[in-house]
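Summary of structural features
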Amino acid sequence: MKHSLIRAFFFSFTVFFIPCLALANALESIRVWPSPDETRVVIDLKTEADFSYFTLSSPERLVVDLKKTSLSAKLPVSISDSPVLKNIRKSSPPTKGTFRLVFELKEKVRPQLFKLAPTPGGQYGHRLVIDLPHKARGAPVDKVTSDSKKVSRDVSQLYGTADIIVAIDAGHGGEDPGSIGPSRKYEKNATLAISKKIATQINKVPGMKAVLTRHGDYFVNLNKRSEIARRNKAHLLVSIHADGFHTPHPEGASVFVLNTRRANSEIARWVENHEAQSQLLGGAGEVLSKNNSDRNISQTLLDLQFSHSQKEGYKLATKILSQMTRSGIRLHKKNPVNASLAVLKSPDIPSVLVETGFITNPTEERLLFQRGHQDKLVRALSNAIVDYFEANPPEGTLFANRGQSKKHKVRRGESLSIIAGNYGSSVKAIMQANKLKSSGLAIGQVLIIPAVSKSASSPRIPKLSKTVTHIVQRGDYLGKIAKRYQVSVAAIKKQNRLRTDTLKLGQKLTITVGLKDEPLRKHVVKRGDFLGKIAKKYQVSVNSIRQANNLRSDSLAVGQVLLIPHS
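The name given to the protein chain in an unreviewed UniProt entry is N-acetylmuramoyl-L-alanine amidase, with the source organism recorded as Vibrio caribbeanicus ATCC BAA-2122. UniProt, in the comment section headed Sequence similarities (unreviewed entry), describes the protein chain in these words: "Belongs to the N-acetylmuramoyl-L-alanine amidase 3 family." Comment text from UniProt for the protein chain, heading Catalytic activity (unreviewed entry), reads "Hydrolyzes the link between N-acetylmuramoyl residues and L-amino acid residues in certain cell-wall glycopeptides."

A look at helix α4 (residues 222-231)
What α4 keeps buried is the set Leu222, Asn223, Arg225, Ser226, Ile228 and Ala229. Count one or two residues on from α4 and you reach Lys233, which has phi positive near 55°.

Brief notes about the side chain of Asn496
Position of Asn496 relative to the elements: it lies in helix α14 (residues 489-496). If we skip the residues at most four places from it in the chain, Asn496 touches Lys508, Leu509 and Thr510.

Digging into helix α11 (residues 427-434)
Listed as buried for α11 are Val427, Ile430, Met431 and Asn434. Projected down its long axis, α11 shows its buried positions confined to an angular sector of 100°, all on one face. Away from its buried face, by an angle of more than 90 degrees, α11 presents the exposed residues Lys428 and Gln432. Residues of α11 that are buried make contact with α10 (416-423), β18 (446-449) and α15 (531-538). Taken from the residues just after α11, Lys435 is the one with a positive phi, measuring 55°.

So, the confidence of the model for the protein chain
The predicted coordinates ought not to be read in detail in places where the model reports low pLDDT. Considering every residue of the protein chain, the mean pLDDT works out to 79; 76% of them sit at 70 or more. Below a pLDDT of 50 lies the segment residues 138-153, which in the model reaches 24 contacts outside its immediate sequence neighbourhood of four places, other chains included. When the criterion is pLDDT under 50, residues 284-304 qualifies, and its contacts beyond four places in sequence or with other chains add up to twelve contacts.

A closer look at the sheet that holds strand β1 (residues 25-34)
Ordered in space as β5-β1-β2-β10-β9, the five strands form an open sheet in which the pairing is mixed. The open sheet has two free edges, formed respectively by β5 (69-71) and β9 (112-116), since each of these has just one partner strand. When strand polarity is set aside, the average angle formed by the axes of neighbouring strands in this sheet is 30°. Note that β1 and strand β2 (residues 38-45) share seven bridges and pair antiparallel. Considered in β2, the bridge of Trp33 is made with Arg40.

Parameters at a glance
Residues numbered from 1 in each chain as written. Predicted model: local features only at pLDDT ≥ 70, side-chain atom pairs only at ≥ 80, totals over all residues. Heavy atoms only, no water. UniProt positions renumbered as here; feature names shortened; annotations may be inferred. Buried < 20%, exposed > 50% of the residue type's maximum accessible area, 1.4 Å probe, protein only. Helix = DSSP H or I, 4+ residues; strand = E, 2+ residues; numbered from the N terminus. Contact = heavy atoms within 4.5 Å. Arc of directions from axis to C-beta. pLDDT = per-residue confidence, 0-100. Pairing = 2+ DSSP bridges. Axes fitted to C-alpha atoms, helices over the stretch in contact; angles between N-to-C directions.

Put into structure tokens, the structure is as follows:
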């Protein structure tokens, strides 16, 4: 009897417990990150993946078999924002204990699958990554390019009117959140918001154009960020980040420049380690491991390759720190910090990495997501970039050719205001130089573009905000006032050093408001008015007036009412 019970126990153990051991792995979640070049699928697993895969046609599918794996995630998953992936579902497994995933595709692709180990910081565990490349759909066009500038850079260089291209890199993205603040705000979201604002301001400067390395919440390989800048023939790469540290105490902004040997501070070493973690998050290890072969190149050659970029990057970093100081932005380091970071290692493009503050500091985490503080950062960085190129204009660009008269042959669709904008001149100056009595032009007509002095043509970075005074009236309270000016109660209290929410009648409050929230101004067209003159009066661009009023031509009528935007 005793032996029978023992045999029954071992039978039960074999039937019920051993299969549990066999299915030791579990599919915990599936994350999909579409980007312009590829759709990345990340499968989170309890332990290291043991997998195989194959593709099927008519219809196109990718089939992935996860061995000894059970399902803990919700399926199916429908995808609406990927050009190649429609749906992820489960299917009948080929053998017991195998979990089969089917990826329904919109077109034939060559998938790339690889495993990633858990990250040192603990954000992620074991992962299986599937990259589904998108078909090449012509040369990529950056979303922030100007439609009015259709001459290629090579041709415009001959005329000395080429744009200065500035690549703005929003750090992290997608599955890589970057540093995480005390209230769980992500670095990747702050960097994207700030980068987009910088690009907008750069594009408002005549003779300059910005390109973004990412436009949304997706990961871009660290080495590919420099490739995007190079593909767009960028003169400069500025990478935007928000610092992190293992304690909440450090605060202030820093600017990092390339040092091929070693970091010169504890914070710099932390940033280097954090970037290494980003490589693990994004699966960039394979690409970066290939670059390790560069160590076989002599150090002398390496120094020669990077010397120009390092020198120019240091110049820009110094200007950024100076502008931040003028803007009242707290600095962590008053001088550029040396670090060896992948995004800075482009020998042909001067590059800097700007840490806009410590997101791990509770106060700075709040600031990094406040509109007013973001605008202050954007203005400091934009002014520094313009100042740098004023002092170091690239050959063949409009910046380098100020002070020299040029000739322009009128093309179809061009108007005086468009031509003036392209050359950083004014309609009035061109009309005077060519003795024009009207703004009408003929195709093929040759115009003399007068020399523009640097003092007269220094680009103006439009103001993003202004300070107003509010006098407390009966019935006012902080929440009501904050709603009126579209700011936070905390921002009003901080700006006015209020310790309580109590207000007094007649009390004066200073409030920083965004200009975009201000009502549009109106201008009644008078005799002799033209768009260039009106734009100059209100310190806005001609194009912004056209867009605000849906103008199809530059012709104006006396008495016509125009809406004037604030930027």
